[in-house]
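Listed here are the chains, written in short residue letters.
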Amino acid sequence: MGRIIAIVNQKGGVGKTTTAVNLTAALTERGRRVLLCDFDPQANATSGLGVDKRKTGKTIYDSLINGADPNSAIQQTKFGWLLPSDSALAGAGVELIGAQDREHQLRRVLQPLAEKFDYILIDCPPSLELLTLNGLCAADGILIPVQCEYYALEGLSDLMATLRAVKRRVNPGLEIFGVVLTMYDGRTNFSAQVAQEVRRHFPGKVFTTMIPRNVRLAEAPSHGLPATAYDRTSRGAQAYGQLADEICQKGAW
């Protein structure tokens with residue numbers, strides 16, 4: 001049975017979608033069967049794997065709201081499997097409000113797929129609203145990207161409070177799979193100080209690999225490619241490869 005991992009941080013601009021796309025590609029390169037579920041209405045993870053988000057056909061929205069078979073929406077790309085998103089997902093939060101068992105609708109979609117994949121990664125939207133709550137309820141664990149910048153820990157207390165509430169009420173098995181430090185600048189003492197602070201807040205949960213601030217990581221999405229395909233020699237691509245290696249070596253959490 002594959003692991004379902006929600007990549008989540010309600011703070012925007014922390015490298016969440018970059019992590020989702022590049023981990024999918026790097027784990028796929030290592031022979032893992034990976035499904036990336038794009039659960040953000042912006043659909044940047046969809047385009048990041050080379051799929052035109054204006055021409056996706058069926059999406060996660062169709063399975064979530066209309067009950068469509070998710071297998072009919074899954075697309076195989078050169079970099080892994082994709083359950084795409086589009087702008088229609090923006091209305092799903094409102095449409096789910098009146099649904100019975102509304103927090104578990106994404107779990108209903110993904111759970112039957114887990115046996116087909118080694119990992120299902122969920123790229124959650126930058127909020128703690130109903131869509132992200134569905135991501136937390138569907139997941140076995142969460143991966144939290146934290147940028148090595150000022151205010152890095154801002155808002156994480158809200159995320160941890162939500163995590164505790166979800167564990168207590170609806171998904172008692174949910175755990176922190178890991179924390180990944182992003183946008184690390186080794187030239188500054190400040191990045192090192194932030195990294196130290198994050199490790200203090202999450203003892204034993206922070207991956208050794210740190211994702212550097214890297215131009216190639218920023219350029220790759222405009223070409224519809226993960227950095228591992230856009231420039232595999234770049235520091236960003238190599239870092240995500242190392243992170244994938246850590247994940248492959250990681251035991252049960």
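Residues numbered from 1 in each chain as written. Predicted model: local features only at pLDDT ≥ 70, side-chain atom pairs only at ≥ 80, totals over all residues. Heavy atoms only, no water.

Novice: Kindly report on unusual backbone geometry, identifying the contributing residues and their values.
Specialist: With a phi angle near 60°, alanine 43 is a residue other than glycine that sits in the positive phi range. Position of alanine 43 among the secondary structure elements: in the loop between strand S2 (34–38) and helix H2 (44–48). A positive phi is found at aspartate 101, a non-glycine position, where the angle reads about 55°. Along the chain, the position of aspartate 101 falls in the loop between helix H4 (92–95) and helix H5 (105–110). With relative accessibility at 45%, the residue aspartate 101 sits in the partly exposed group. (Helix = DSSP H or I, 4+ residues; strand = E, 2+ residues; numbered from the N terminus. Buried < 20%, exposed > 50% of the residue type's maximum accessible area, 1.4 Å probe, protein only.)

Novice: Give me the lowdown on the nonpolar core, citing residues and values where you can.
Specialist: Formed by 50 residues in total, the largest nonpolar core has its most connected members in Phe39, Leu106, Leu110, Ile122, Ile142, Ile144 and Phe202. Those residues in contact with isoleucine 144, other than ones at most four positions away along the chain, are Val8, Asn9, Leu156, Leu159, Met160, Ile176, Gly178, Val179, Val180 and Phe202. Grouped together as the second largest cluster of nonpolar side chains are 31 residues, Ala20, Val21, Val180 and Leu243 included. (Core = buried A, V, L, I, M, F, W, Y, C linked by side-chain atoms within 4.5 Å. Contact = heavy atoms within 4.5 Å.)

Novice: How would you explain the pattern of salt bridges if you had to name every residue and give the values?
Specialist: What the rule picks out here adds up to twelve salt bridges. Here arginine 232 and glutamate 29 are joined by a salt bridge, their closest N and O atoms 3.2 Å apart. Of this pair, arginine 232 sits in the loop between helix H10 (227–230) and helix H11 (235–249) while glutamate 29 sits in helix H1 (residues 16–29), and the two are 203 residues apart along the sequence. We note a salt bridge from aspartate 231 to arginine 216, for which the minimum N-O separation is 3.0 Å. Taken as a pair, aspartate 231 in the loop between H10 and H11 and arginine 216 in helix H9 (residues 215–219) lie far apart in primary sequence, 15 residues in all. (Salt bridge = Lys/Arg side-chain N within 4 Å of Asp/Glu carboxyl O.)

Novice: Before we move on, can you summarise the packing of aromatic side chains with the specific residues and values?
Specialist: If you walk through the whole model with that rule in mind, you get four aromatic pairs. Between tryptophan 81 and phenylalanine 117, the aromatic rings sit 6.2 Å apart at their centres with planes inclined by 70°, giving edge-to-face as the arrangement. In this pair, tryptophan 81 is assigned in strand S4 (residues 80–83) and phenylalanine 117 in the loop between H5 and strand S5 (119–123), connecting sequence segments 36 residues apart. The exposure class assigned to tryptophan 81 is partly exposed, which follows from its relative accessible area of 22%. Ring geometry for tyrosine 150 and phenylalanine 190: centres 6.4 Å apart, planes at 45°, overall tilted. Of this pair, tyrosine 150 sits in the loop between strand S6 (141–147) and helix H7 (156–169) while phenylalanine 190 sits in helix H8 (residues 189–201); the two residues are 40 residues apart in sequence, bridging distant segments of the chain. With relative accessibility at 57%, the residue tyrosine 150 sits in the exposed group. Three or more aromatic residues link up through ring pairs in this structure, and these residues are Tyr150, Tyr151 and Phe190. The ring of phenylalanine 177 carries the charged tip of lysine 250 above its face, separated from the ring centre by 5.2 Å. (Phe/Tyr/Trp six-rings, centres within 6.5 Å; stacked < 30°, edge-to-face > 60°. Lys NZ or Arg CZ within 6 Å of the ring centre and 35° of its normal.)

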